[in-house]
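Observations on chain architecture
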Amino acid sequence: MKNIVEVRNVKLGEGIPKILVSLMGANNEEVMENLAYLKTIKLDIVEWRIDHYKDVENVEKVKELLAQIREGLGDIPLLVTFRTAKEGGEKAVTVEYYAELKKAIAATGNADMIDVEVFIGDDEVVKGIADVAHEFGVKVIMSNHDFHKTPEKDELVARMCKMQQLGADIPKIAVMPLNAKDVLALLTATNEMVCEHGETPVITMAMGTLGVVSRLAGETFGSAATFGSAKVASAPGQISADELDKILKLITASK
């Protein structure tokens, strides 16, 4: 039986996949303007993509804006993500700064979850970030993104199991399918994780047009959440959050 991860009023790993939407902006004004818009659409969790923020290499400015976002969200759960350039993000930083930033964010108490890339550094670095997050009661989504291909099913499972071993509360895998077989590999890996390695919920998705089905089939195959778009998609193949909400509810209602 897989565990449920609860953040504020949201239970990941139970029922309909939860909808995450990315909050982006280059400066404080853009971020807060976009935050106001996000509060008008259907979502369960907001992900602040700090790699889009121009002052992301200033820890104090990140913490100040984070406090404003937390206040503005009310009781909506907040995930804070720095997506590195090598995994499709906007910026490259040193491993040392990445770890410092994530630990500082966790220590504020203003993030419910942080994203930690499993291949950002060696296992000690990754586990160290997760351990600090847990000290402050912050959940860890540990992630890996491949924008070029889809690894074999067994490799996908192995990566998610590694994430669990390093302290992930929720492993996350995003891949780029080149054909329908790749989408099946991702869905099969997801189902295997839930059935055979169910210590945690998982989040998985295949990107692009081919992978759209994977963003909708979480309740069937086991992905606990899916990403929807607001004004701008944060990854290829995202559906608008409002449309995603309608489709997920329709799938559930038809069962």
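For clarity, every value in this text was computed on a predicted model and none was experimentally measured. (Residues numbered from 1 in each chain as written. Predicted model: local features only at pLDDT ≥ 70, side-chain atom pairs only at ≥ 80, totals over all residues. Heavy atoms only, no water.)

A short note on the nonpolar core
If you look at the biggest cluster of nonpolar residues, it comprises 63 residues, and the most contacted ones within it are Trp48, Ile69, Leu101, Ile105, Ile114 and Met142. Here this core takes seven residues from helix 3 (residues 95-108), the largest share from any one element. In this structure, Ile114 is in contact with Leu79, Val80, Lys102, Ile105, Ile129, Ala133, Val138, Lys139, Val140 and Ile141, ignoring residues within four places of it in sequence. One finds Leu20, Met113, Met207 and Ala224 within the second-largest nonpolar core, a separate group that totals 18 residues. (Core = buried A, V, L, I, M, F, W, Y, C linked by side-chain atoms within 4.5 Å. Buried < 20%, exposed > 50% of the residue type's maximum accessible area, 1.4 Å probe, protein only. Helix = DSSP H or I, 4+ residues; strand = E, 2+ residues; numbered from the N terminus. Contact = heavy atoms within 4.5 Å.)

Quick word on helix 9 (residues 241-253)
With 13 residues, helix 9 should reach 18 Å at 1.5 Å per residue; the first-to-last C-alpha distance of 18 Å fits that figure. What helix 9 keeps buried is the set Ala241, Leu244, Asp245 and Leu248. Within helix 9, the buried residues cover an arc of 100° as seen down the axis, which keeps them to one side. Turned more than 90 degrees away from the buried face of helix 9 sit Lys246, Leu250 and Ala253, all of them exposed. Taken together, the buried residues of helix 9 touch strand 3 (18-23), helix 7 (212-216), strand 10 (225-229) and strand 11 (239-240). (Expected span 1.5 Å × (residues − 1). Arc of directions from axis to C-beta.)

Things to note about empty space enclosed by the protein
Scanning the entire structure with this criterion turns up two cavities of 30 Å³ or more. Quantified by volume, the second largest cavity comes out at close to 40 Å³. Around the second largest cavity sit Pro17, Thr204, Met205, Ser214, Arg215, Gly218, Ser223, Ala225 and Thr226, which together line it. In terms of residue class, the lining of the second largest cavity is built from three nonpolar, five polar and one charged. (1 Å grid on protein atoms, 1.4 Å probe; cavity = no way out; pocket = protein on both sides within 12 Å on 5 of 7 lines; lining within 4 Å. Points joined across faces, edges and corners; volume = space filled by probe spheres on them. Nonpolar A, V, L, I, M, F, W, Y, C, P; charged D, E, K, R; others polar.)

Some details on the environment of Leu178
Looking at where Leu178 falls in the secondary structure, it is placed in the loop between strand 8 (170-175) and helix 6 (180-196). Among the residues examined, Leu178 registers a relative accessible area of 58% and is labelled exposed. C-alpha separation for the pair Leu178 and Glu64, spaced 114 residues apart in sequence, amounts to 42 Å. Once you skip the residues sitting within four places of it in the chain, Leu178 turns out to touch His148 and Leu210.

Concerning the UniProt feature "binding site: 3-dehydroquinate" (unreviewed entry) in the chain
Feature annotation in UniProt places "binding site: 3-dehydroquinate" (unreviewed entry) on Ser22, Glu47, Trp48, Arg49, Arg83, Arg215, Ser234 and Gln238, given in this structure's numbering. Residues from the annotated list that form part of the lining of the second largest cavity: Arg215. Structurally, the position occupied by Trp48 is in strand 4 (residues 45-49). Residue Trp48 is classed as buried on the basis of its relative accessible area of 0%. Turning to its location among the elements, Gln238 is positioned in the loop between strand 10 and strand 11. The class of Gln238 is buried, set by a relative accessible area of 13%. (UniProt positions renumbered as here; feature names shortened; annotations may be inferred.)

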